[in-house]
Each structure stands twice: as structure tokens, then as C-alpha cells.
Amino acid sequence: ATSYKGMDIIDASVPLSPSLLGTFQYNGPYLHGVTVNNGFAYIITTTTRPNTTLCIVSVHDPQSPTLFTTLDLPCVGRATSIAMHGTTVYYSCSGSFGIIDIENSSSPSPQL
């Protein structure tokens, strides 16, 4: 995440000369964490109220990332981190945590 509402996609294949491939701007909550797997970026967001959302962004074309789907999450407190293992996304908030099955990326399913 590059700022409160954006994410840059960087090509770091040449570590001494990274280059910007694309940028994703989100007109919603603040972006707090991101993990990437199989052409999708999974981003955890929070508004100031706090409402937490999982945004799934297609990065198959890194020069033109697009919002694929979103899922409102039952979160206590502000989103703090996100991680992934296989088809499971793990997220934490300042007062809770959750697990999401993303085997079907177009219809993610909260497990907790």
C-alpha cells in the first residue's frame, strides 16, 4: 500500500533498479495491508468508524489493476494485518481476528 487509498505495483526483478508497473486507487477506506497470490491482491481496509473490508484486486495485468470484488468483515477495532496460506486469508484487527476461505475468489467466505 502506498498511501491511505492507493497501491503501487513494482517490478523488483532488478533490485537496484525497481520500476513502477501500475497503480490501484481505491475510493473507499484506508488500505492497511496486502498479500498477493495467483494474480490477485488481497487488501484489508478500514474506515474511521471502523468498518473493515477485504478488497480483492486482479493484478493479472499489473499495468491495469482492477477491483474484482469486496467483502465486509466482522472486525472489532481497526484492521492491522493480513496474511495468506493456500486458499485461506487470515486477518487481524486491534480487537479481533478472522479467517476467510477464498477458494472461489469471486465469492469469498468468512470462516470466523
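Please refer to the structure higher up on the page.
To start, this report covers the structure provided alongside it. Quantities reported herein were computed from a predicted structural model and do not represent experimental measurements. (Residues numbered from 1 in each chain as written. Predicted model: local features only at pLDDT ≥ 70, side-chain atom pairs only at ≥ 80, totals over all residues. Heavy atoms only, no water.)

## Focus on the overall build of the protein
- Each helix and strand in the protein was counted, giving zero helices and ten strands.
- Ordered by position in the sequence, the α and β elements of the protein form the string β-β-β-β-β-β-β-β-β-β.
- Every one of the 112 residues in the protein was classed for burial, and the buried ones make up 42%.
- Restricting to contacts in the protein with at least 6 residues of sequence separation, those with at least 24 account for 31%.
- With the model as given, the accessible surface of the protein reaches about 6200 Å², and the carbon-plus-sulfur share is 51%. (Helix = DSSP H or I, 4+ residues; strand = E, 2+ residues; numbered from the N terminus. Buried < 20%, exposed > 50% of the residue type's maximum accessible area, 1.4 Å probe, protein only. Contact = heavy atoms within 4.5 Å. Areas by Shrake-Rupley, 256 points an atom, 1.4 Å probe, with all protein chains shown as cover.)

## Considerations on the packing of aromatic side chains
- As enumerated under the stated definition, the model contains two aromatic pairs in all.
- Ring geometry for Phe-40 against Tyr-42: centres 6.5 Å apart, planes inclined by 50°, an arrangement best described as tilted. Across the pair, Tyr-42 and Phe-40 agree in class, each one buried.
- Aromatic pair Phe-40 and Phe-68: ring centres 5.0 Å apart, planes at 55°, arrangement tilted. Within this pair, whereas Phe-40 is found in strand β4 (residues 40-46), its partner Phe-68 is found in strand β6 (residues 66-73), the two being separated by 28 residues in sequence. (Phe/Tyr/Trp six-rings, centres within 6.5 Å; stacked < 30°, edge-to-face > 60°.)

## Let's talk about the sheet that holds strand β3 (residues 30-37)
- Taken together, four strands build an open sheet; the order of strands is β3-β4-β5-β6 and the sheet is antiparallel. The open sheet has two edge strands with one neighbour each: β3 and β6. Strand after strand, the sheet turns through a mean of 20° between neighbouring axes, direction not considered.
- Pairing between β3 and β4: seven bridges, direction antiparallel. Residue pairing in the sheet places Gly-33 in a bridge with Ile-44 of β4. (Pairing = 2+ DSSP bridges. Axes fitted to C-alpha atoms, helices over the stretch in contact; angles between N-to-C directions.)

## Considering the nonpolar core
- Within the largest apolar cluster, 16 residues are counted, with the highest numbers of intra-cluster contacts made by Tyr-42, Leu-54, Leu-73, Val-89, Tyr-91 and Ile-100.
- Looking at this core, the elements that each hand over two or more residues are β4, β5 (52-58), β6, β7 (79-85) and β8 (88-93).
- Ile-9, Phe-24, Tyr-26 and Val-59 belong to the second-largest nonpolar core, a separate cluster that totals ten residues. (Core = buried A, V, L, I, M, F, W, Y, C linked by side-chain atoms within 4.5 Å.)

## A closer look at the pairing of β8
- Most of β8 sits inside the fold, with five of its six residues counted as buried.
- Across six bridges, the pairing between β7 and β8 is antiparallel. Bridge pairing in β8 places Ala-79 opposite Cys-93.
- Taken together, β7 and the strand that follows it, β8, pair antiparallel across an intervening segment of two residues, in which Gly-86 is found at a positive phi of about 65°.
- Pairing of β8 with strand β9 (residues 96-101) involves six bridges; the strand directions are antiparallel. The residue bridging Tyr-90 from the neighbouring strand is Ile-99, located in β9.
- Counted between consecutive antiparallel strands, the loop separating β8 from β9 contains two residues.

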